[in-house]
Each structure stands twice: as C-alpha cells, then as structure tokens.
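Letter by letter, the chains look like this.
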Amino acid sequence: MASKNGPATKKADQTQYQVILDQMLQEECNKKCADCWARNPRWASWNLGVFLCIRCAGIHRNLGTHISRVKSVGLDSWTEEQISSMQNMGNAAAANKFEALIPENYRYSRPDSSDHALEKFIRDKYERKNYVDKNAPAPSSKKTSSSNVNFNDEPTAPAVQRTSATTAQKSQPPAPVVDVKPLIEF
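Bear in mind the structure is a predicted one, so any value in this text is a computation, not a measurement.

A closer look at the overall build of the chain
Next up, step 1: What the chain contains, in helices and strands, is 6 helices and 3 strands.
Next up, step 2: Taken from the N to the C terminus, the helices and strands of the chain come in the order α-β-β-α-β-α-α-α-α.
Next up, step 3: Out of the 186 residues belonging to the chain, those deemed buried represent 44%.
Next up, step 4: Taking all contacts inside the chain whose residues are at least 6 apart in sequence as the whole, residues at least 24 apart take part in 68%.
Next up, step 5: Entry remark: accessible area of the chain is about 10400 Å², with carbon and sulfur atoms responsible for 53%.

Laid out in structure tokens, this is it:
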C-alpha cells in the first residue's frame, strides 16, 4: 500500500488511508464510540482497533501508549500498519474480544455517564481486561462480523444493557445470574 518515493506518494497514501477510514466509519458498528456509544466518532485507538468520541479518546490518552495509541481520524497522518490494525479489528470485533465476559445484566456507560464512571469502564475493559475471555482462541487477522453485537439505538435510559455474546459463550451452559452493581454516577 505505502511507498517511500517522495512527498507526492506520501500524500496519495494519506488520501487513500483517509478513504479507508471514512469507509470503515460508514459501517454500522463503527458509527458510534466503542466505549460510550456517542454518535460519529472522529478519533481512534489504532492499536486496539476501535473508533472513539473525543471524550473517550481523552480517557484513552490517559491510559498511556502502552495500552492505547490515539489518533484523530481526519487530522493526523496514518501509516499502513495503523490502517491495517484498524481494518483487522473495528468496534464489533473489539466488543467481541474486550467485552466477552460482561455479565448479561451489566449496565454500560453511555454518553451522559459521569467522567468517573466512563473512565472506570474503560480501564476495566482495556487496562485490567476484566471482560476478556482468556480461554478464547487467539483472534485471526480477519475482521470479525458485527452480527454478534447489538449496535442498534437503545432506549434513552441513562444506562442500558447491550449484548456482545461470543460463539464460545453460546456453546457453554448459561452462567448463574450475578448481582452486578451498576457504575456509580458522581
């Protein structure tokens, strides 16, 4: 994809990368922030392969570059490696990976959640990896279908349940219902 033959080629590469990112943002699962579901994300964590709103991008920056590497979709220059990482993941595949073990009655953060609640969710999800199924097979380099994740509009309640069941979860007997406290809003 990329070539090192001068400024004209680099500009052409950036234009091509922008087209790819814009096309990815047209996919239903990428039209909302991967963490709070705010509409029209314009930021990305390229190493995690997710699209983010500006608010969640700020929280991701605070995680450190060893966890999340944040770029603007339209303002920053991208490399072939970064584009490839985004193409291999996307919000749906990331939800299947990083939210695999979230209990069914878990109440997700929303755009109107407090900063504290949103940061706690993001840290639990990516830094602590509380919801990653460590027994799941290693992800392939192919992008996962978004069919397992419900990214449709939810009711306007402050926090609602969304599903992200994996095929591994479907083959196991249902887990006992655990009383999970919702995120505390401050």
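Looking at helix α1 (residues 7-25)
Residues separated by three or four positions in an α-helix point in the same direction, a consequence of the helix having 3.6 residues per turn.
Next up, step 1: Over its 19 residues, α1 extends 27 Å from the first C-alpha to the last, a length consistent with the 27 Å expected when each residue adds 1.5 Å.
Next up, step 2: Residues of α1 that are buried include every one of D13, Y17, I20, L21, M24 and L25, and no others. Here the buried residues of α1 occupy an arc of 135° about the axis, which is enough to place them on one side. Of the exposed residues in α1, the ones pointing more than 90 degrees away from its buried face are A8, K11 and Q23.
Next up, step 3: Residues of α1 that are buried make contact with β2 (50-52) and α3 (80-88).

Regarding the side chain of S45
Next up, step 1: In this structure, S45 sits in strand β1 (residues 43-45).
Next up, step 2: In contact with S45, other than residues within four places in its own chain, are V50, L52, H60, S68, R69, V70 and M86.

Here we look at the pattern of salt bridges
Next up, step 1: According to the stated counting rule, one finds 8 salt bridges in the structure shown.
Next up, step 2: Residue K125 pairs with E99 through a salt bridge whose shortest N-O separation is 2.7 Å. In this pair, K125 is assigned in helix α5 (residues 115-127) and E99 in the loop between α4 (90-98) and α5, connecting sequence segments 26 residues apart. Each member of the pair, K125 together with E99, is buried.
Next up, step 3: Taking the shortest distance from any N to any O, the salt bridge between K120 and D124 comes out at 2.7 Å. In this pair, K120 and D124 are both assigned in helix α5, 4 residues apart and thus about one turn of the helix distant.
Next up, step 4: Since its relative accessible area comes to 38%, K120 is described here as partly exposed.
Next up, step 5: For D124, a relative accessible area of 5% gives the class buried.
Next up, step 6: Overlapping salt bridges bring together D35, E99 and K125 as one network.

Let's talk about unusual backbone geometry
Next up, step 1: At W37, a residue that is not glycine, the phi angle is positive and equals roughly 70°.
Next up, step 2: By the element assignment, W37 lies in the loop between α1 and β1.
Next up, step 3: Relative accessible area serves as the criterion here: at 4%, W37 is assigned to the buried category.
Next up, step 4: Of note, N40 is a non-glycine position whose phi angle comes to about 55°, a positive value.
Next up, step 5: As for its position among the elements, N40 is in the loop between α1 and β1.

What counts, and at which threshold
- Residues numbered from 1 in each chain as written.
- Predicted model: local features only at pLDDT ≥ 70, side-chain atom pairs only at ≥ 80, totals over all residues.
- Heavy atoms only, no water.
- Helix = DSSP H or I, 4+ residues; strand = E, 2+ residues; numbered from the N terminus.
- Buried < 20%, exposed > 50% of the residue type's maximum accessible area, 1.4 Å probe, protein only.
- Contact = heavy atoms within 4.5 Å.
- Areas by Shrake-Rupley, 256 points an atom, 1.4 Å probe, with all protein chains shown as cover.
- Expected span 1.5 Å × (residues − 1).
- Arc of directions from axis to C-beta.
- Salt bridge = Lys/Arg side-chain N within 4 Å of Asp/Glu carboxyl O.

So yeah, pure geometry; function would need other evidence.
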